[in-house]
Amino acid sequence: MSKKLVSLFLAVLMVFSAASVLAEGSAVTVTDMHGREITLAAPAEKIVVLMPADAEILWSLGVSESIVGVGMYCVTTEETAVMPGIDGKEVVNSGYVLNVEQILALAPQVVIMTEMGHDPDQVAALTEGGVQVVITNAQNLEDVYTDIALLGAVTGKNAEAETLITDMKARFAAIGEKAGETDKTLYIEESPIYDGTVWTAGKGTYMDDVAALCGLKNIFADLDGHQGVSDEQVVARNPDLIITTTSYDPSWMSEMPDAEIKNRSGWEGVTAVINGDVIYDPTNAVALPGPRLTDVAEMLLNYIQSEEAADPAA
């Protein structure tokens, strides 16, 4: 081969190599769960994530090293146990005390926040500061899959996101097959009782979806979304199983969430209380629309199977 041909061949190889690098770092355009179109010059490598469910998704996608800041609710004891290294990240004020200047000082490319936790003025301030904002809004199980796919696209981890979604669906399917149909009812408590009112998850929520996958009937499936109900309504509907998303906080709670429910005045006749079937999950998985919902389904399956073992004729 002549020197001229060799030079031409090498030049062609360099062009293809450059094109490959360009493709790997090419622009990413996504539509977030608030309906906003966002374009990034390349997959995000410097991210601030404000809420635990999204943080868990990012950890599951293998991009924890790209996280330069996390919201203060992401570094609880429960969350540090499932996201190695998160307690070493910069903690930023989040929620009602979101500090835009604190976030801008970290120079992230992207800030990930939830629909509930976002404020249009704060989004505008971050955008004006050169930071793209991605808003998530996982209300039900399909939304969780959408959230995972969205964050996979933002970080250039589409294949990993698809694998995570596929694995979750397969695990849910296997759990559902083992659980089958039951006549057991479930009450989902999202807050401690206050002035006779508790908050619960109704139809269209991820916990209602998980319960249905496990063959359990949510006693408040006739209500949409998250609703406040009276404790008398719970007692009247008499659930077989209670699961609470309340986290234990010793600064204001004198007993664990499950013990508090079991000891409530007026709840002595509730079947779940009588049988001791009140579940408190210290890992916090129940409270978050994220990958660990499969673990929650496993907990519910264990309940169903233990009930069947106790009453084989059922």
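Before reading further, recall that the structure is shown in the block above.
Treat the numbers as computed from the prediction; the structure is a model and nothing was measured. (Residues numbered from 1 in each chain as written. Predicted model: local features only at pLDDT ≥ 70, side-chain atom pairs only at ≥ 80, totals over all residues. Heavy atoms only, no water.)

Observations concerning the layout of surface pockets
The test is simple: Computed over the protein atoms alone on a 1 Å grid, cavities are sets of points where a 1.4 Å probe fits but cannot get out and pockets are open sets with protein on both sides within 12 Å along at least five of seven lines; a residue lines them when it has an atom within 4 Å of a point. Grid points are joined across faces, edges and corners, and a volume is the space filled by probe spheres set on the points. Going along the chain from the N terminus, every DSSP run of H or I of four or more residues is numbered as a helix, and every run of E of two or more is numbered as a strand. Any residue outside Ala, Val, Leu, Ile, Met, Phe, Trp, Tyr, Cys, Pro, Asp, Glu, Lys and Arg is labelled polar, Gly included; the first ten of those are nonpolar and the last four are charged.
In this structure, the largest pocket occupies an estimated 1,400 Å³ of space. Surrounding the largest pocket, 35 residues form its lining, M51, P52, M116, A287 and L288 being those nearest its centre. For the lining of the largest pocket, the secondary-structure elements that each account for two or more residues are α2 (52–60), α3 (77–82) and β6 (110–114). Looking at which element gives the most residues to the lining of the largest pocket, the answer is α2, with three residues. Split into classes, the residues belonging to the lining of the largest pocket amount to 16 nonpolar, 13 polar and six charged.

Digging into the environment of I135
Note the cut-off: Think of it in three bands: residues with accessible area under 20% of the maximum for their type are buried, residues over 50% are exposed, and the middle band is partly exposed, with areas taken using a 1.4 Å probe on protein chains only. A contact between two residues is defined here by any heavy atoms of the two lying within 4.5 Å.
Looking at the element boundaries, I135 is found in strand β7 (residues 132–136). What makes I135 buried here is its relative accessible area of 0%. Spatially, the C-alpha atom of I135 lies 5.9 Å from that of E115, the residues being 20 residues apart in sequence. Excluding its chain neighbours within four sequence positions, the residues that come into contact with I135 are D32, M33, H34, R36, M113, T114, E115, H118, V123 and L150.

Observations concerning the side chain of E79
Position of E79 relative to the elements: it lies in helix α3. Not counting chain neighbours up to four residues away, the residues in contact with E79 comprise P52, E56, Y73, C74, I86, T283, N284, L288 and R292.

Quick notes on the packing of aromatic side chains
Here is the rule: In summary, the pairing rule links any two rings of Phe, Tyr or Trp, Trp by its six-membered ring, whose centres are within 6.5 Å, and it sorts them by plane angle into stacked for under 30 degrees, edge-to-face for over 60 and tilted for everything else. To sit over a ring, a charge needs its Lys NZ or Arg CZ within 6 Å of the ring centre and within 35 degrees of the ring normal.
Inspection of the entire model under this criterion finds two aromatic pairs. For the ring pair Y187 and W267, a centre distance of 6.1 Å and an interplane angle of 55° mean the geometry is tilted. Remark: W267 occurs in the loop between α10 (257–262) and α11 (271–274) and Y187 occurs in strand β8 (residues 185–189); sequence separation between them is 80 residues. Comparing Y187 with W267 shows no difference in burial state: the two are buried. Members of the aromatic cluster, joined through ring pairs, are Y187, F220 and W267. The ring of W267 has R264 sitting right over it, with the charged end atom 4.6 Å from the ring centre.

Structural notes on the environment of M72
Position of M72 among the secondary structure elements: in the loop between β4 (67–71) and α3. Residues M72 and V92 lie 20 residues apart in sequence; the distance between their C-alpha atoms is 6.0 Å. Each residue touching M72, except ones within four places of it in the same chain, is listed here: V91, V92, N93, S94 and V97.

Side note on the pairing of strand β2 (residues 37–40)
To keep things clear, this is the line we draw: The rule for pairing is simple: two strands pair if DSSP sees at least two bridges between them.
Only one face of β2 is covered, namely the one carrying I38 and L40; the face carrying E37 and T39 has none of its residues buried. Bridge count between strand β1 (residues 28–31) and β2: four bridges; the pairing is antiparallel. Considered in β2, the bridge of T31 is made with E37. Linking β1 back to β2 in an antiparallel pair, the connection comprises five residues, with G35 at a positive phi of about 85°.

What to know about the environment of L58
Considering the arrangement of structural elements, one finds L58 in helix α2. Spatially, the C-alpha atom of L58 lies 9.6 Å from that of M83, the residues being 25 residues apart in sequence.

Overview of the pattern of salt bridges
Quick note on the threshold: Here a salt bridge means any side-chain nitrogen of Lys or Arg lying within 4 Å of a carboxyl oxygen belonging to Asp or Glu.
Within the structure shown, the criterion is met by 10 salt bridges. Linking R171 and E298 is a salt bridge whose minimum nitrogen-to-oxygen distance equals 3.6 Å. Residue R171 is located in helix α7 (residues 158–179), and its partner E298 is located in helix α12 (residues 293–310); the two are separated by 127 residues in the primary sequence. You can call E298 partly exposed: its relative accessible area is 25%. With its nearest N and O atoms 2.9 Å apart, the salt bridge here joins E260 to R264. A residue is classified by how much of its surface remains accessible, and E260, at 21% relative accessible area, is partly exposed. Owing to a relative accessible area of 5%, R264 belongs among the buried residues under this scheme. Each member of the salt-bridge network shares a partner with another, and the members are E56, E79 and R292.

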